[in-house]
Amino acid sequence: RTYTCAYIHAHMHECIETNSHCLCANGSLYKHAGATIVEEVAIMLALASEYMAAVPDQKKELAAKSLFFKTSSGPLYFPEMAKVRAVRLLWKLLLEEYGIDSEIQLPILSETSKTNKPLTDSYNNMVRVVSESMSAVIGGADVVLVHPYNEHYEEPSDFSRRIARNVQHILREEAHLGKVADPAAGSYYVEKMTDSVAGQSWDIFKEIELQGGFLKSVELGTIQEMIYSSAGRKKQAYATRKRVLVGTNNYPNGSESLPESAGRNLTALTLPEDEKPMPNAGDRPVIPALAENFKNGATFGEHSRLYYNPGRVLYKTVGSFNAGEELDVIRKKVQKLQNNGSPVTVQLVQAGNKTWRHARASFSANFLGCAGFSINDPGGFDTIDEALKGLDNTDAYIFVLCSSDDEAIEMAGPFTDAA
């Protein structure tokens, strides 16, 4: 992907002469790798700056008019609004720094995030994309792409595609979000957050510029290390439930059966490839040459090998981040045990103080249920002896004593003897 950026960098003049929005500052790629909101904005600015720095002064304005930003709208409702608004503020500032007309409009394409769409309880993903789409629209995105809720683990069905389309119809036709130019204008909270996002993003952008720009920072590995660090913090937050993913790391659906095999074919892998020799543009400009080749029946597979396969990795790469991936793996392993006739059952033993035993049982069922274990809870009892007599599954794999801390010390002996 870095190679693609470098390739367009080399053919900048051909791209901007088409008088269209052909240069993409794609922050979505880095957001899906684990970048934060402010890092995503800073990277988009750095990419835009890299493009404009590559052309002579007399063509910088043309390059600016050829740019569009692609961003990913995540689960943080108000910060995602502020992000889009901050992008427009910083775009004007960037143009002023280059001495270009700051009134040049910036098209922004926003897509729903792929980082918080787990395999477990995946119908919740339909709710998530509504919130993310609203953030993008209210923030001021020009185009919103809603991904089907199951796109990350299987080929989208007619149902999932229809739901994705209908999200946009509802927001436009029933919520009337397209009737107001700037719904968030005047909101102190959103305005304050916009200023905060803009300020932090501008600081990161300046650090990238001090290193020599986007490509130089990628070469040094600075941007990759920044994203690795952010992805690690996010992963830790989801693992410790400081950030909640409903149905995955909190409030699991215990009756859910996950698909036996998760995965889908990438579109690029399904495109046809002919045995004909690779097309050669010769001395012709690349864009017209591609158009002519496609018109004459060339396939995308041919050109993808020609233009997007450098043959060696020049820089460190960034991966993909999925908040529920690790728990999805655990759920799949537990389900496999269940299907092989080795069910993992958890027996809750509630005893003592009613308030404490209910609270501990609720926590234990929720926590262990996230792994896909079957939970047996016969209810609460006043004493440990009554609780042990009331067990409905003495063959359970895990036993959990649910009581207050003080009572647990007294009950530990009889509990462990019975278990």
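Just above, that's the structure.
So, here's what we can say about the structure. A quick note: this is a predicted structure, and the numbers were derived from the prediction, not measured.

1. Focus: the overall build of the protein chain
And step 1. Scanning the protein chain from N- to C-terminus turns up 18 helices and eight strands.
And step 2. Going through the 419 residues of the protein chain one by one, you find that 43% of them count as buried.
And step 3. Relative to all contacts within the protein chain whose residues are 6 or more apart in sequence, the contacts with residues 24 or more apart total 76%.
And step 4. When the accessible surface of the protein chain is summed, it comes to about 21,800 Å², and 53% of that surface belongs to carbon and sulfur atoms.

2. Description of helix α7 (residues 124-139)
And step 1. Relative to the 22 Å expected for 16 residues at 1.5 Å per residue, α7 spans 23 Å between its end C-alpha atoms, a close match to the ideal helical length.
And step 2. Along α7, the residues classified as buried are Asn125, Met126, Arg128, Val129, Glu132, Ser133, Ser135, Ala136, Ile138 and Gly139.
And step 3. Close packing links the buried residues of α7 with β2 (67-73), α6 (77-97), β3 (108-112), β4 (143-145) and α8 (158-174).
And step 4. In the stretch just after α7, Gly140 is the one whose phi turns positive, near 115°.

3. Describing a nonpolar patch on the surface
And step 1. Judged by side-chain polarity, Val244, Val246 and Tyr251 come together as a nonpolar surface patch covering roughly 290 Å² of accessible area.
And step 2. By relative accessible area, which is 42% here, Val244 ends up partly exposed.

4. Overview of the packing of helix α4 (residues 37-53) against helix α9 (residues 188-210)
And step 1. Running from N to C, α4 and α9 point in directions that differ by 50°, and their axes come no closer than 8 Å. In terms of axis orientation, α4 runs oblique to α9. Note on packing geometry: the crossing formed by α4 with α9 is right-handed. Residues Ile37, Val38, Glu39, Val41, Ala42, Leu45, Ala46 and Ser49 of α4 form the contact with α9, whose participating residues are Val197, Gln200, Ser201, Trp202, Ile204, Phe205, Ile208 and Glu209.
And step 2. The class makeup of the residues in the contact of α4 with α9 is 11 nonpolar, three polar and two charged.

5. What about the packing of aromatic side chains?
And step 1. Per the stated rule, a full pass over the model turns up eight aromatic pairs.
And step 2. Measuring from centroid to centroid gives 6.1 Å for Tyr30 and Phe214, while their planes differ by 80°, and the two rings are edge-to-face. Taken together, the residues Tyr30 in helix α3 (residues 28-31) and Phe214 in helix α10 (residues 214-220) connect sequence positions 184 residues apart.
And step 3. The exposure class of Phe214 is buried, given its relative accessible area of 1%.

6. Description of the pairing of strand β1 (residues 23-26)
And step 1. Burial along β1 is one-sided: Leu23 and Ala25 are buried, and none of Cys24 and Asn26, which face the opposite way, are.
And step 2. Here β1 runs beside β2; their pairing, made up of four bridges, is parallel. Across the sheet, residue Leu23 finds its bridge partner in β2, namely Leu67.

7. Regarding the packing of α6 against α7
And step 1. Running from N to C, α6 and α7 point in directions that differ by 35°, and their axes come no closer than 8 Å. Here the hand of the crossing between α6 and α7 comes out right-handed. In this structure, α6 uses Tyr77, Glu80, Met81, Val84 and Arg85 to contact α7, whose residues at the interface are Ser131, Met134, Ser135, Ile138 and Gly139.
And step 2. For the contact of α6 with α7, the per-class residue count stands at five nonpolar, three polar and two charged.

8. Section: the sheet that holds β2
What holds strands together in a sheet is hydrogen bonding between their backbones, with the strands either parallel or antiparallel.
And step 1. The parallel open sheet is built from four strands, whose spatial order is β1-β2-β3-β4. Only two strands of the sheet have a single neighbouring strand rather than two, namely β1 and β4. Mean inter-strand twist for the sheet, computed between neighbouring axes without regard to direction, equals 25°.
And step 2. As defined by bridge partners, β3 adjoins β4 across three bridges and the pair is classed as parallel. Paired with Ser110 across the two strands is Val144, which belongs to β4.
And step 3. Across the face of the sheet, α4 comes into contact with β1 and β2 while running at roughly 165° to β2.

9. Describing α6
And step 1. Between its first and last C-alpha atoms α6 spans 31 Å; for 21 residues at 1.5 Å apiece the expected length is 30 Å, and the two agree.
And step 2. Residues Glu80, Met81, Ala82, Lys83, Val84, Arg85, Ala86, Val87, Leu90, Trp91, Leu94 and Leu95 constitute the buried set of α6.
And step 3. Backbone geometry just downstream of α6 places Gly99 in the positive-phi region, at approximately 70°.

10. Digging into the pattern of salt bridges
And step 1. Taken as a whole and judged by the stated rule, the model has 19 salt bridges.
And step 2. Between Lys206 and Asp203 there is a salt bridge whose closest N-O contact spans 3.9 Å. Residue Lys206 and its partner Asp203 are both found in helix α9; the two are separated by three residues, about one turn of the helix.
And step 3. Assessed through its relative accessible area of 40%, Lys206 is described here as partly exposed.
And step 4. Looking at Asp203, the relative accessible area reads 40%, which means it is partly exposed.
And step 5. Put simply, Asp405 and Arg360 hold a salt bridge, and the shortest N to O gap is 3.0 Å. One end of the pair, Asp405, is in helix α18 (residues 405-418); the other, Arg360, is in helix α16 (residues 354-369), with 45 residues separating them in the sequence.
And step 6. Taking the relative accessible area as the measure of exposure, Arg360 reaches 27% and is therefore partly exposed.
And step 7. Beyond isolated ion pairs, a larger network of salt bridges with shared partners links Lys31, Glu40, Glu80 and Lys83.

Conventions and cut-offs
- Residues numbered from 1 in each chain as written.
- Predicted model: local features only at pLDDT ≥ 70, side-chain atom pairs only at ≥ 80, totals over all residues.
- Heavy atoms only, no water.
- Helix = DSSP H or I, 4+ residues; strand = E, 2+ residues; numbered from the N terminus.
- Buried < 20%, exposed > 50% of the residue type's maximum accessible area, 1.4 Å probe, protein only.
- Contact = heavy atoms within 4.5 Å.
- Areas by Shrake-Rupley, 256 points an atom, 1.4 Å probe, with all protein chains shown as cover.
- Expected span 1.5 Å × (residues − 1).
- Patch = residues over 30% accessible without salt bridge, like charges linked within 9 Å, V, L, I, M, F, W, Y side chains within 5 Å.
- Salt bridge = Lys/Arg side-chain N within 4 Å of Asp/Glu carboxyl O.
- Axes fitted to C-alpha atoms, helices over the stretch in contact; angles between N-to-C directions.
- Parallel < 35°, antiparallel > 145°, perpendicular 65-115°, else oblique.
- Left-handed = near helix turned anticlockwise from the far one by under 90°.
- Nonpolar A, V, L, I, M, F, W, Y, C, P; charged D, E, K, R; others polar.
- Phe/Tyr/Trp six-rings, centres within 6.5 Å; stacked < 30°, edge-to-face > 60°.
- Pairing = 2+ DSSP bridges.

Purely spatial values, then, with no claim about function.
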